[in-house]
Each structure stands twice: as C-alpha cells, then as structure tokens.
Amino acid sequence: MRFLTSITLAALSGLAAAASQQSADVFILDSKQQQEQSSREVPRLPKEVVRHILLQRASRDNYGSDLRDIPSSIDTEAAISFIAKYGKSPAPLFTQTETNDPSQLVVILEGVTAENAGPLRDSLAKSSQHATFAISDPPSKVANDRLMSLFQNLGIATPEQCDLASAINPVNGDCWTGSSSVVKYDIQKSPEALDTLVDNLNRLNKFISSGDLEAVLVLMPESSRSSKLNHWSVKAATGSSSDLRRRFNSETVIVDDSVRGANAAVAPTQPPLSRPTNSHLQTAAKKAIPQCFTSEKSCVDQTGNCSGHGTCVDKWGGKNGSTEAGGASCFVCKCLATMDSRPGAPGKAYKTVHWGGNMCQKEDVSMQFWLIAGSTIALVGAIAFAIGLLFDVGQEKMPGVLGAGVVRGSSTK
C-alpha cells in the first residue's frame, strides 16, 4: 500500500512539474518574419533546434553543423527546414550587392512572467509583431550562462554587459565588435531592462525597417530558472568546442600585400589620400571592423583612412556624405578607384584598380572575372557550333548528278 502511495505521489509531482514548466516565446523582428506572421498557431521547437537557430543568426561566417544533437522527437529534415526558415537569409552566391547585410542582435530575457512582460507584449502587438515560435523545453539559468560563455568564446558577446538602450544600437562601437551581438538580462535582478526595451521599441523598429538590423527576443519564463535542463544541448556540451570555433572564426580584416605597396596612387581627379601606416593595419587586423563608426575620426583611425583607397563618409547623412544635425551617424568607407603607375615611369598611370571590403583593403576583380568567363563561354560555344555544323554537312547525302557521274566513269573502265 505504501509502495502504491509513493508511486502515485511521484507521478502527481511529475505532472505538477510538467504543468508548471512554461514554454519560452521567441520573437524574430525582421521584414521577412513580419510579412509571414499571421494568426497561425505558433510552432513549438525543442531547445536543441533553437540553439542552432541562434548560432546561425549570430555567426559571422557560414554556419554549418551535422545536427547530431537533434532529438529523436523531431525529424532531421524538419529541423533543417526550421533553421532555414527562422535563421538569417544566406548571402547570394553569384551576385554582389553594394548594401551590407543587416546586423544580427539576440536578446535573452530571463525571469519573464505574465505580469512583467505584459507591456512588452502589448507594444509588440501594436506593431503587428507576434511570437514567431516557442521553445517547448526552455533550459535553466545555468544553461543560459553556459550558452553566453560559448558566445563570448566565439567573440560574439562581450564580458562587460552594456545597457539595453546601447545594445540595440548597431552603430554603438562600445557594445558591438562586429556584425552580430548577443546580450542577456535577468528581469528579476534588473527590472529596468524590460522598461528600457519597451521605451526603445520604436527606435529598434526603425533600425529594422531601414534594413540595418534584425533582432531576436527570447523570453525565458521564470519557471525555467530552476529547471533540471542545465544544457541547451547535452551532446554538444560533452563534445569539444573546437569545431564550433573553426566555424565561427572571428571577423578579422584581411590585408592584401598591395595595400602595403607604394605603387597605388590615387586618380588625378581625387584629392590625395593619406597612406595607412603599419600600426593602423596591425590594429585593424587585431580588432574586428564594425559596420558603422560613430565619428569620422574613429573611422579614419581604425581603418587607416580606408587603407588609402577611399574616404570615410556618413551613409545616413546628406547626398555629399555630410552629417545631418541631430541625426545618428554611421561612418563607413567609400572605396575609390586608384591608378597604378608603370614601374620606372612614375606619374604615368597605366592600370585602374577598384577596391572593396569594409576598409577598402581588397582588390575588386569581379570585372576581370566576368570578362574572362564570358569570353571563354563564347569561345567554347562558337567552337561547339562550328563542329556541329561540320558534322551536319558531312551527314548529308551527295546530289544525284554527282552520283550518276561516279557510276558512269566506273562502267567505262
């Protein structure tokens, strides 16, 4: 009797714990998800799949994984489709665009309850922003801390936590060290963070609508704080993190040898640009170059005056690159064409060089590539057409007059 009673109590406690475990809502704030959101049912995804979605969005390189940690409750193909649907859009393979990809922001809020998250949900609903999906088994605070440690090791999250108002601004160089950032706040310890997010929601939507930012809000319920799930992925935690580090190489600047050369002169129509020093290049190589600089001086100092191949302009400023009064500044490198001088004949330009990259350090060879590729394809097509034409002519039968002449000559003999 005591045995049956203990089993019953254990089962009831398990059911009570399962009932108290709430799912974690995830909001993806970007133009694609806002167009797809409707009154449909919110899908529930396991935490392992959500972990891959967060890693894919925050990655500064092409993300790849064998998905060996996906639980058996979900099919691998379904997991891949969810990652492709809710992850960031891949870069095009054969087309180049002058616009930069939007920065990626992941905000994890712990200690969320129905009471304290009410104003945030109401503000999101007014902007027609609803939960994109939910985490069916949100892990504990310990798991969240371990996930943040992973992001810090990959250079995506900073050990010093910025205030939320600065963290949602991709132009802020103090909180952003690259094209992505991950931050975490505990609402129970810092309740002002939730109020700050509500107050700056319109400002956040302006960054999103302009194509400069995509954000992911993860609302971890207070009930998951003491959960027994201490890892977002148990299999990934038991393995080595070296594979992830190889996939998430920090965003460093590749400096070509031509940058250090002295034979790259500026076109005569442009004012002379100062050449970058070795200290500028070494400093830029050690630190990732952000997509935006808050001032022209910081842009010139950290990029070595755009490697001597461009100028720093405010892309949010006027037509001439000037900063508008009272507006936010976003200084970036505008690459210019340079003229190479023939060796032994300084001052006589013989080659125009186009530059690209976030600090104009890479030579743009797309024009030469398409010229060679187009000429090769046209030449191969012409040769194939000529061979086919000769083959078709050889297959035709001889006219009747020539055939009769051949027969008559053979009979005379």
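Look up a bit, the structure's there.
A brief report on the enclosed structure follows. (Residues numbered from 1 in each chain as written. Predicted model: local features only at pLDDT ≥ 70, side-chain atom pairs only at ≥ 80, totals over all residues. Heavy atoms only, no water.)

## As for the packing of aromatic side chains
Note the following rule: Aromatic pairs are defined between Phe, Tyr and Trp rings, using the six-membered ring for Trp, whenever the two ring centres lie within 6.5 Å; interplanar angles under 30 degrees are classed as stacked, those over 60 as edge-to-face, and all others as tilted. Each helix corresponds to a stretch of at least 4 residues labelled H or I by DSSP, and each strand to a stretch of at least 2 residues labelled E; elements are numbered beginning at the N terminus. Only protein chains enter the calculation, and the probe is 1.4 Å; a residue is then buried if its accessible area is under 20% of its type maximum, exposed if over 50%, and partly exposed in between.
Under the counting rule described, the total for this entry stands at three aromatic pairs. Aromatic side chains F82 and Y86 sit 6.1 Å apart centroid to centroid with 5° between the ring planes, which places their arrangement in the stacked category. Residue F82 and its partner Y86 are located together in helix α4 (residues 76-86), separated by four residues, close to a single helical turn. Residue class for F82 comes out partly exposed when judged on its relative accessible area of 21%. Residue Y86 is classed as buried on the basis of its relative accessible area, which comes to 1%. Put simply, the rings of F82, Y86 and F133 pair up and form one aromatic cluster.

## So, unusual backbone geometry
Phi at S128 is positive, roughly 60°, even though this residue is not glycine. One can find S128 in the loop between α5 (118-126) and β4 (133-135). Among the residues examined, S128 registers a relative accessible area of 48% and is labelled partly exposed. Positive phi, close to 55°, is recorded for C306, a residue that is not glycine. Note on placement: C306 falls in helix α14 (residues 296-307).

## Side note on the sheet that holds strand β1 (residues 24-29)
Here is the rule we go by: A pair of strands is considered paired only if DSSP assigns at least 2 bridges between the two. Contacts between residues were defined by any pair of non-hydrogen atoms, one from each residue, lying within 4.5 Å. An axis is simply a line fitted to the C-alpha atoms; with a helix, the fit covers only the stretch in contact. Between two such axes, the angle follows the N-to-C directions and lies from 0 to 180 degrees.
Strand order in the open sheet formed by six strands is β2-β4-β1-β6-β3-β5, and the pairing between neighbours is mixed. In this open sheet, the two edge strands, each paired with only one partner strand, are β2 (44-45) and β5 (180-186). The strands touched by α5 are β1, β3 (103-112) and β6 (213-221); relative to β1, the strand with the most contacts, the crossing angle is about 35°.

## Notes on the state of the cysteines
In plain terms, the rule: A pair of sulfur atoms, both from cysteines and within 2.5 Å, is called a disulfide here.
Overall, the coordinates contain four disulfides when judged by the stated rule. Between the sulfur atoms of C299 and its disulfide mate C312 the distance is 2.2 Å. Looking along the S-S bond of the C299-C312 disulfide, the torsion reads about -80°, which is the left-handed sense. Of this pair, C299 sits in helix α14 while C312 is found in strand β8 (residues 310-314), placing the two residues 13 residues apart along the sequence. Taking the relative accessible area as the measure of exposure, C299 reaches 0% and is therefore buried. In this model, C306 is linked to C333 through a disulfide, with the two sulfur atoms separated by 2.2 Å. Taking the sign of the torsion about the S-S bond as the criterion, the disulfide between C306 and C333, at about -95°, is left-handed. You can see C306 sitting in helix α14 and its partner C333 sitting in strand β9 (residues 331-335), a full 27 residues away along the chain.

## Observations regarding the packing of helix α3 (residues 47-58) against α4
Cut-off, in case you're wondering: In a left-handed crossing the near helix is turned counterclockwise from the far helix by less than a right angle, and in a right-handed crossing that turn is clockwise. Under this grouping Gly is polar, as are all residues other than the nonpolar Ala, Val, Leu, Ile, Met, Phe, Trp, Tyr, Cys and Pro and the charged Asp, Glu, Lys and Arg.
The geometry of α3 relative to α4 is characterised by a closest axis approach of 9 Å and an angle of 35° between their N-to-C directions. Helix-helix and strand crossings are classified by hand; for α3 and α4 the assignment is right-handed. Contact with α3, carried on its side by V49, H52, I53, Q56 and R57, involves A79, F82, I83 and Y86 of α4 and no other residues of that element. Looking at side-chain class alone, the contact of α3 with α4 contains six nonpolar, two polar and one charged residues.

Shape descriptors only; they carry no functional weight alone.
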